[in-house]
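The chain contents come next:
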Amino acid sequence: MARGLSREQLGITDALLATFGETVFRMSHNLQVREADPVRTLDWAEIERQREAMGLADGQIAARLGLTRGQVMFIRNFEESRRFRVGQQAYLLDLGGGKRYRPERVVRLEDRARYSEDALRLRGVFRFDAELARHYCEKGWWADDTVSGWLARHASKRPDAPAVIFSDQVITWKELEARVLRFAEGLRGAGVAAGEVVAVQLPNVPEFIVAFLAICRLGAVMTTLHMPYRGTEIQALLRHSRARVAICLAQAKDWSPPETFLTCLKTVVALGPRVDGCLAFNDLESGPPLSRDHAEPVAADPFLLLYTSGTTSAPKGVPHNYHTMLSNARLGVPEHRLGADDRILSAAPFSHLFGLYALHCAWACGASNVLLPAFTPPDLAATIEKHKPTALWTAPAHIAAVRAMGLLEKHDWSSLRLTIMSGSACPPQLVREFSGKLKACAVTQLWGMTETQGALYTRPGDPLETHCTSAGRPSPGTEVRVAEDGELQVRGCLLFPGFYDNDEANASAFTQDGWYRTGDLAAVDAGGNIAITGRVKDIINRGGVKFNPRDIEDLLDAHPKVLQSAIVPMPDAVLGEKACAFVTLRNPKQALTLEDLIDYLSDKDIARNKLPEKLVVVAEMPFTPTRKIIKGRLKIP
Amino acid sequence: MEQPAFDAVAAKQAIFEYCKKRGALAVGIANLADCERIAPPGHRPSDLFPRVKSVISLGVGGQTQGAWALPSKAMAYSGSTEVRGYKVAYGLAFHIEQKFGAPSVYVPPDLDPEGGPRVPLQSLKLHAELAGIGARSLAGDILLHAEFGFLYYASVFTELELPPDAPMAENPCPAPSCVSMYRQIGRTPCMKFCPAQCLSGEIDDQGRQKMMRYDMAACAELTQEYEAVPKMLAEAVADEVRTQGAQGLLDPDRKMLWYKVSAGSGAWFAQCFECMRVCPIATRAPQADPILRREQKKTG
Ligand code: B12
Ligand code: SF4
Ligand code: SF4
């Protein structure tokens, strides 16, 4: 360096650097101290006295330390480089225009929050086809939607309008935002950071909404656990989702949710009475609000990780970001003819995507949500009569149960303008009957999956037959096709990017050209309406003749004695498979035999080989939380 | 032909006028002997220009009032007006040679290649201070002027012998408002708002500077970004950067630095002006503020 001389030529060793580094640095002008103003006043005595404190040139330092000038220069520069930290200019970026440096506002770059490994792993799943992503953005399907952004918008534009209606409580948008910000701050204090997964097992209560929105505001991700889940299921999903924190009820009827959650997690937030080892939901909600400066999430951030099936062996975690979910909700709102004055009631649990869709649609347009904590037919009917929702999210099974108890007649359902039925195929007769009862209400059908949210639906204004016999047409931004084998395949701005941490499921879930294999069978009619005709897996192969039992099930559901039916393949030594019908009865006291059913079906012109060859009457069907029958759990005696 | 007698006072007057016409706000002549005595060997005027007779120092104005409101990342680009001062000094050296026939040199403001990136060939501040156009402030010895506030300085050495000026009689720093702030919180605005927290000091009972402490090394991290270039390369090679290895050189902030390197303007490296932004003298001295300057012209 000095005069082009190298370290070796100058005789610099590590020993020399270590011995003199600090001293040279201090004597040099790197650290300057001046007393009074000697140069200006030409106070020569002081100038001489202070020379070293004001900073010596290398030659002067060399003379004092017994080094060469070249050595001092090398040592000083070495020490300057060693102490020099890059990235300091980042401190300047927030300053100016009236903003000044305040030490308490500065977090060193290396100390600033970073996504954890788990968070990055989840973010890593969000790989979309670049071409398609560009298309979705160009179309305006993918925009800057976030639920936090929507909440803030409603809270500022319509602060006093109702956001949540629950029992005798009305929570306005302004109040909801305030609760969310306080709970978010509580969660932040409990260690929830951007990208982390928070598990929520709560019924449809206001706290679910507060928790969900607070998780979102922090840029974190919610994974829901269905209310019926217990120990092993919960543990498996917590493990798979890598959840950091859980929010659950402090007490349940016959078990202790906190106990289960605490076996896997350090931080559990319990709603209800205080529980040892848990944080109290109310405490978290009663502190100060989250700082307005706290980084907002953006539309490309993940915010949901929902599980579809296979809870214990190979969980199928479906991750979504705001792009996929909220584009679908925003585009769906005008299709469903929803607006800010609507009140939406979901009979489906919020732990399930169909329930969440009710929230997403309401938040997209500023409608309010009427809450029903847990479905029972009388509670649904009473809530509708009391709070007069204009829109109802429901599964056919809910309505079938309501009908069976005669609650359609006993209660006032006239506030409803829209019903969306989803969760399982809807018997045409049920739609017809329900429409007949609710003259001013459009009874529509929706087909969706956790992987897609609302992919197909009929629209208000469609002919009754369309609502009865099909799941309608694709939602905006959605493309569907029916493959050669009859399977419905989906693509579009709503589609999830792939299962989380499940290569095996991903390998078979998508076609070569990127369409999602839904596993559902579909048929398209001349009007472009798509009917879901069954599950690919439900197909019964009777001696080589394959058939879909769905139409038989529809017929059985219309039988006066049958409440619900499900046909499953039963092994047969000769034919391979035969059909076995499971039914629940409208009136358990009235007997039903296989012969009754065969007679009934024979009148309907049914091919003989499709007739059920065994009947099992059960007291209850095994249901998914959205009241879809879980055929796999029907055990043939 | 008889040579007209050289009138040093008139020459000084002409030189001052030349500078002011070209944008300098203040000009002064430093006492050469004092300069020689204070500057360390190797950095004295005579080390650079052995037959030097006079040290001329001039200062150009700092910021527009608007500029002080810029975000600091933009201020980094527009804050430095030193090149304007250098241009005047460069022209002045020619002017003196042409008009007075005396060899002159525009003093390179730059760094001594034998000292590395923190050691100047000459201290421009020393010249300006002795020439009476600035006094050392608590903001790391940045010179301030009661009337012109914060200036950038440039120097000319000449063989022309000119009558020297005296250092300023008063030091405008600390301003009265700074003294009262210091009395309350123990710090002045420059100390409080320096993002590197590299300033500290004391004010005596008469409200004068008692002690000035400046951690130049810490300040250099914010103002001398060019030292970041080799540091980043070293870190990348040692795999110490945020994005591992040489890939780290492609991180946006690092690429920004390469941009500045290739764009090559030294002025752009200087980034931080926070101590001056909050300094009442730098920003609101009557002649520092172009708007006040205009008002004064109108009324005066
Ligand atoms: C290196 C340098 C820096 C370094 C170190 C600054 C410092 N204060 O030491 C860094 C990169 C940090 C820097 C920052 C800034 N700088 Co600068 N910088 C210079 C430069 C090139 C040399 C200054 C220096 O190191 N002098 C040596 C020091 C120790 O001496 P001194 O204080 O001037 O003099 C005393 C010495 O003790 C001794 N002495 C005399 N000569 C020498 C020589 C040596 C080698 C030594 C050791 C001692 C010594 O005698 C003096 C009386 O005690 C000058 C231009 C120049 N050529 O002078 C500009 C200069 C000082 N910078 C200037 C400016 C404006 C800035 C910034 C505001 C700009 C920015 N945003 O980057 C900041 C302000 C920081 C601050 N609070 O001071 C202006 C100051 C104008 C003014 N009004 O005072 C100058 C004069 C450039 C100019 N053309 O006007 N700068
Ligand atoms: S230039 Fe910036 S870092 Fe340096 S002393 Fe001034 S405020 Fe501090
Ligand atoms: S703000 Fe300006 S006047 Fe006040 S102490 Fe600092 S340098 Fe001096």
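It should be emphasised that the depicted structure is a prediction, and the values quoted were computed from it without experimental measurement. (Residues numbered from 1 in each chain as written. Chains lettered and ligands numbered in written order. Predicted model: local features only at pLDDT ≥ 70, side-chain atom pairs only at ≥ 80, totals over all residues. Heavy atoms only, no water.)

Comments concerning the packing of helix α12 (residues 231–241) of chain A against helix α13 (residues 257–264) of chain A
Any two packed helices are characterised by how steeply their axes cross, that is the angle between the axes, and by the distance between the axes. Residue and element names in this part refer to chain A. Direction vectors running N to C along α12 and α13 enclose 40 degrees, while the axes themselves pass 10 Å from each other. Overall, the two elements α12 and α13 adopt an arrangement that is oblique. α12 and α13 meet at a crossing whose hand is right-handed. Only Thr260, Phe261, Thr263 and Cys264 of α13 make contact with α12, whose side of the interface consists of Gly231, Ile234, Gln235 and Leu238. Looking at the contact of α12 with α13, its residues break down into 4 nonpolar, 4 polar and no charged. (Axes fitted to C-alpha atoms, helices over the stretch in contact; angles between N-to-C directions. Helix = DSSP H or I, 4+ residues; strand = E, 2+ residues; numbered from the N terminus. Parallel < 35°, antiparallel > 145°, perpendicular 65-115°, else oblique. Left-handed = near helix turned anticlockwise from the far one by under 90°. Contact = heavy atoms within 4.5 Å. Nonpolar A, V, L, I, M, F, W, Y, C, P; charged D, E, K, R; others polar.)

Details of the packing of aromatic side chains
Under the counting rule described, the total for this entry stands at 22 aromatic pairs over all chains. Each ring, one from Phe128 of chain A and one from Trp142 of chain A, has its centre 4.9 Å from the other, and the planes form 75 degrees; the classification is edge-to-face. Here Trp142 of chain A lies in the loop between α8 (130–139) and α9 (147–157) and Phe128 of chain A lies in the loop between α7 (117–123) and α8, a separation of 14 residues in the sequence. For Trp142 of chain A, a relative accessible area of 7% translates into the label buried. Their ring planes at 55 degrees and their centres at 6.2 Å tell us that Tyr86 of chain B and Tyr106 of chain B sit as a pair that is tilted. Taken together, the positions of Tyr86 of chain B in helix α5 (residues 82–100) and Tyr106 of chain B in strand β3 (residues 104–106) put the pair 20 residues apart, joining distant regions of the chain. Cluster of aromatic residues (ring-pair linked, three or more members): Phe208, Phe212, Phe303, Tyr322, Phe350 and Trp363 of chain A. Over the face of the ring belonging to Trp44 of chain A we find Arg37 of chain B, whose NZ or CZ atom lies 3.8 Å from the ring centre. (Phe/Tyr/Trp six-rings, centres within 6.5 Å; stacked < 30°, edge-to-face > 60°. Buried < 20%, exposed > 50% of the residue type's maximum accessible area, 1.4 Å probe, protein only. Lys NZ or Arg CZ within 6 Å of the ring centre and 35° of its normal.)

Here we look at the site of ligand 2
All names here are of chain B. Every residue close to ligand 2 is listed here: Cys194, Pro195, Ala196, Cys198, Leu199, Cys219, Leu222, Thr223, Cys272, Glu274 and Cys275. Listed by contribution, the elements that provide at least two residues to the shell around ligand 2 are α9 (216–223) and α12 (274–277). A total of 3 residues in the shell around ligand 2 trace back to one element, the largest contributor, which is α9. (Near = heavy atom within 4 Å.)

Re the domain arrangement of chain B
The domain boundaries assigned to chain B delineate domain 1 (8–158) and domain 2 (225–269). Between domain 1 of chain B and domain 2 of chain B, the C-alpha centre-to-centre distance is 31 Å. (Domains from an automatic or database assignment.)

Some points on the site of ligand 1
Close contacts around ligand 1 come from 39 residues, with Met54 of chain A together with Ser123, Leu143, Tyr153 and Cys272 of chain B the closest. The backbone of Gly140 of chain B places a nitrogen or oxygen atom 3.3 Å from an oxygen atom of ligand 1. Note that an oxygen atom of ligand 1 is positioned 2.7 Å from one of the backbone N or O atoms of Leu143 of chain B. Elements represented by at least two residues in the shell around ligand 1 include exactly α5, α6 (124–130), β6 (149–158) and α9 of chain B. Counted by class, the shell around ligand 1 contains 26 nonpolar, 9 polar and 4 charged residues. (Polar contact = N/O pair within 3.5 Å; in protein donor to acceptor, adjacent residues only side chain to side chain.)

Examining the environment of Leu634 of chain A
All names here are of chain A. Mapped onto the fold, Leu634 is located in the segment after β26 (614–617). For Leu634, a relative accessible area of 9% translates into the label buried. Residues Leu634 and Met449, 185 residues apart in the sequence, show an inter-C-alpha distance of 22 Å. Residues within four places of Leu634 in sequence aside, it is in contact with Ala566, Val568, Phe582, Met621, Pro622 and Ile629.

A few points about the environment of Ala24 of chain B
Residue and element names in this part refer to chain B. Topologically, Ala24 is positioned in strand β1 (residues 24–30). Residue classification places Ala24 among the buried positions, given a relative accessible area of 5%. Once the C-alpha coordinates of Ala24 and Tyr152 are considered, the two residues, 128 residues apart in sequence, prove to be 9.5 Å apart. Setting aside residues no more than four positions away along its own chain, Ala24 makes contact with Cys19, Leu58, Gly59 and Val60.

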